[in-house]
Amino acid sequence: MAEKKLTVVISQAQGKNPAKRELEESLAAALLMEPDIEVSLVPHLYDLSADHTGTLFLQALRGNLVVLSWLYPRANHWILDRLGVRGQEGVVLLKEEVDEDEEEAQKEKAPPFENPERLKTIPDRKIYSIDLRVSSSTEDYLTEIRRIASDAQVQTFQLMDMIQQSPRPAQIEKYLKPLDILQGQKNNTIAKEEAPQLEPTKRRWYPVIDYGLCTNCMECIDFCLFGVYGVDQGGQILVEEQDSCKKGCPACSRVCPENAIIFPGHKTPGIAGADGEVAGLKIDLSKLFGAPDALEMAARERDVELVAEGRDAVGMSVGIPQRTKISQETSDELDELIDSLDALDL
């Protein structure tokens, strides 16, 4: 029989950080007590492969979905999209605080571009991405999830009743026992047959495309010399050979003019999926004092990987877009900065 339940998925952190594990466990325990919520646990989203049982489990979910992960919400959403778990972005109120200037700048941004044909294929449901790094308080997450459950309840079916042949229920039933999984991970002396075990994953490194920003300009495929990018039958850019990407190299994200390429494992927030500028031209003091711009840095990073592979460095001679035109707005910003420097009492 159909019930009104919101599915919440906790995506585990990479590694075995005790504080992170404790938050995951306390959240799972608390959510199991919520009558309108069905909670499950999966490995770190970024490390899931297309044929992993965790991926099959996520693909089997229907209706609105809340995913808590140790990722920026934008990275979380587009990793799910890449895995075939798609929906409209739900509004999350629990998020990292930003200063007023940054908030105003985000409001003034042009509306995101997305391929109209692609939009037609997005299911009529919402996916809410919550960053587990925002707070250490279980109650903060419970409050937000209850709000979402209240605002966005939809008629859904019990998961195990919905699943038919692929994947087999036995393959993914374990994902519905989050506390058993966590206890089994905590106590290695528990026999495997006594506690559900998640299928292991390995650490991965690859770009994720934000199709809400991507204009299909193809600069990434021109720049990358490792065969990572390709195009689908409709001519849309995609990450085709993700395991060909060079671990730790984020160069293509710096080249992208729309900041549409995310490396969720990178230490720089803008590259890892936080809102903000990554590759575009910025007017700051580093520009005036000769620091390399984003394109030069990207070319250097690419050269390091080429040489490591036994190939020749190409520098700025291959796949670097020629962005020589400076907009009036950028020119005004530069004039303003120079005026303010002139006004300094040095």
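Residue positions are counted from 1 within each chain, in the order its sequence is given. Local features in this predicted model are restricted to residues of pLDDT 70 or higher, and side-chain atom pairs are both shown and tallied only at a pLDDT of 80 or more, whereas totals for entire chains, interfaces and linings draw on every residue. The basis for every side-chain value is the complete set of heavy atoms in the structure, and neither hydrogens nor water enter the calculation.

Visitor: So what about the nonpolar core? Which residues, and what values?
Guide: Each nonpolar core is a collection of buried residues, namely Ala, Val, Leu, Ile, Met, Phe, Trp, Tyr and Cys, held together in the definition by side-chain atoms within 4.5 Å. Three exposure classes are used, based on accessible area relative to the maximum for each residue type with a 1.4 Å probe and protein chains only: buried under 20%, partly exposed in between, and exposed over 50%. In this structure, Leu-45, Leu-58, Val-66, Leu-68, Ile-130, Ile-145 and Tyr-229 are the most contacted members of the largest nonpolar core, which totals 79 residues. Whether two residues are in contact is decided by their heavy atoms: any pair within 4.5 Å suffices. Excluding residues that lie within four positions of it along the chain, Val-66 makes contacts with Leu-6, Thr-7, Val-8, Val-9, Tyr-128, Ile-130, Ile-145 and Ile-148.

Visitor: Please give an account of helix α14 (residues 294-308) that cites residues and values.
Guide: Working note: α-helix, 3.6 residues per turn, so residues spaced by three or four point in the same direction. With 15 residues, α14 extends 21 Å between its outermost C-alpha atoms, agreeing within 8% with the 21 Å of an ideal straight helix rising 1.5 Å per residue. Secondary structure follows DSSP: runs of H or I at least 4 residues long count as helices, runs of E at least 2 residues long count as strands, and numbering of each begins at the N terminus. Within α14, burial applies to Ala-294, Leu-295, Ala-298, Ala-299, Glu-301, Arg-302, Asp-303, Glu-305 and Leu-306. Residues of α14 that are buried sit in contact with α10 (219-223) and α11 (251-255). Residue Asp-293 occupies the N-cap position of α14, its side-chain oxygen lying 3.1 Å from the main-chain nitrogen of Leu-295. Downstream of α14 by a residue or two, Gly-310 has a phi angle that is positive, lying close to 85 degrees. How far a helix is expected to stretch is found by multiplying one less than its residue total by 1.5 Å. Whenever a nitrogen or oxygen atom comes within 3.5 Å of another N or O atom, the pair is scored as a polar contact, on the condition that within protein one atom can donate a hydrogen and the other can accept it, and that pairs from neighbouring residues in sequence are kept only if both atoms are in side chains.

Visitor: Report on the packing of helix α1 (residues 18-32) against helix α6 (residues 138-151), specifying residues and quantitative values.
Guide: Between α1 and α6, whose axes approach to 10 Å, the crossing angle comes to 40 degrees. If you check the angle between α1 and α6, you find them oblique. The two elements α1 and α6 meet at a crossing, and its hand is right-handed. Of the residues in α6, those in contact with Leu-23, Ser-26, Leu-27, Ala-30 and Leu-31 of α1 are Thr-138, Tyr-141, Leu-142 and Ile-145. The axes are straight lines fitted to the C-alpha atoms, using for helices just the contacting stretch, and the angles between their N-to-C directions are given from 0 to 180°. Throughout, the term roughly parallel applies to angles under 35 degrees, roughly antiparallel to angles over 145, roughly perpendicular to angles from 65 to 115, and oblique to all others. Take the far helix as the reference: if the near one is turned anticlockwise from it by less than a right angle, the crossing is left-handed, and if turned clockwise, right-handed.

Visitor: Describe in detail the pattern of salt bridges, supporting the description with residues and values.
Guide: Any carboxyl oxygen of Asp or Glu within 4 Å of a side-chain nitrogen of Lys or Arg constitutes a salt bridge here. For the coordinates displayed, the defined rule picks out 12 salt bridges. Taking the shortest distance from any N to any O, the salt bridge between Arg-147 and Glu-144 comes out at 2.7 Å. One end of the pair is Arg-147 and the other is Glu-144, both in helix α6 and three residues apart, which spans about a single turn. On the accessibility criterion, Glu-144 (5% relative accessible area) is buried. A salt bridge links Asp-151 to Arg-147; the nearest nitrogen and oxygen atoms lie 3.2 Å apart.

Visitor: Now, about α1: what can you tell me, with residues and values included?
Guide: Taking 1.5 Å per residue, 15 residues should reach 21 Å; α1 reaches 21 Å between its end C-alpha atoms and fits that length. Those residues of α1 that fall on the buried side of the exposure criterion are Arg-21, Leu-23, Glu-24, Glu-25, Leu-27, Ala-28, Ala-30 and Leu-31. On its buried face, α1 sits against β2 (6-11), β3 (37-42), β4 (65-69), α6 and α9 (178-186). Its side-chain oxygen at 2.9 Å from the backbone nitrogen of Ala-19, Asn-17 defines the N-terminal cap of α1.

Visitor: An account of the side chain of Ser-129 is needed here, citing residue identities and associated values.
Guide: Relative to the helices and strands, Ser-129 resides in strand β6 (residues 126-131). Of the polar contacts made by the side chain of Ser-129, one reaches the side chain of Asn-76; its length is 2.8 Å. Residue contacts for Ser-129: discarding those within four places in its chain leaves Val-67, Pro-73, Asn-76, His-77 and Val-92.

Visitor: Describe the environment of Glu-173, with residues and values.
Guide: Relative to the elements of secondary structure, Glu-173 occurs in the loop between α8 (169-172) and α9. In sequence terms Glu-173 and Pro-196 are 23 residues apart; their C-alpha atoms lie 9.1 Å from each other.

Visitor: Before we move on, could you go through the packing of aromatic side chains and cite the residues and values that matter?
Guide: What describes a pair of aromatic rings is the distance from one ring centre to the other and the angle between the planes of the rings. Think of it this way: a Phe, Tyr or Trp ring, Trp meaning its six-membered ring, pairs with another when their centres are within 6.5 Å, and the plane angle makes it stacked under 30 degrees, edge-to-face over 60, tilted otherwise. Tallied over the full model, the rule gives four aromatic pairs. Ring geometry for Trp-205 and Phe-263: centres 5.1 Å apart, planes at 25 degrees, overall stacked. Here Trp-205 is found in the loop between α9 and β8 (208-209), whereas its partner Phe-263 is found in the loop between β11 (261-262) and α12 (269-272), with 58 residues between them in sequence. The same class applies to Trp-205 as to Phe-263, namely buried.

Visitor: Which residues make up the sheet that holds strand β5 (residues 88-89), and what values go with them?
Guide: Note on pairing: two strands pair once DSSP finds at least 2 bridges between them. Spatially, the five strands line up as an open sheet ordered β3-β2-β4-β6-β5, and their pairing is parallel. Of all the strands in the sheet, the pair left with one neighbour each is β3 and β5. Two strands pair when backbone bridges link them, and β2 and β4 are joined in this way by four bridges, in the parallel orientation. Note that in β4 the partner of Thr-7 across the bridge is Leu-65.

Visitor: Pulling in residues and values, what's your account of the pairing of β2?
Guide: Side-chain direction in a regular strand flips from residue to residue, so the side chains alternate between the two faces of the sheet. Of all the six residues making up β2, six are buried; the element is thus mostly covered by neighbouring parts of the structure. Alternating residues of β2 divide into Leu-6, Val-8 and Ile-10 and Thr-7, Val-9 and Ser-11, and every residue in both groups is buried. A right-handed crossover is one whose linking path, passing over the helix from the first strand to the second, runs clockwise when the strands point away from the viewer. The parallel pair β2 and β3, bridged by α1, forms a crossover whose chirality is right-handed.

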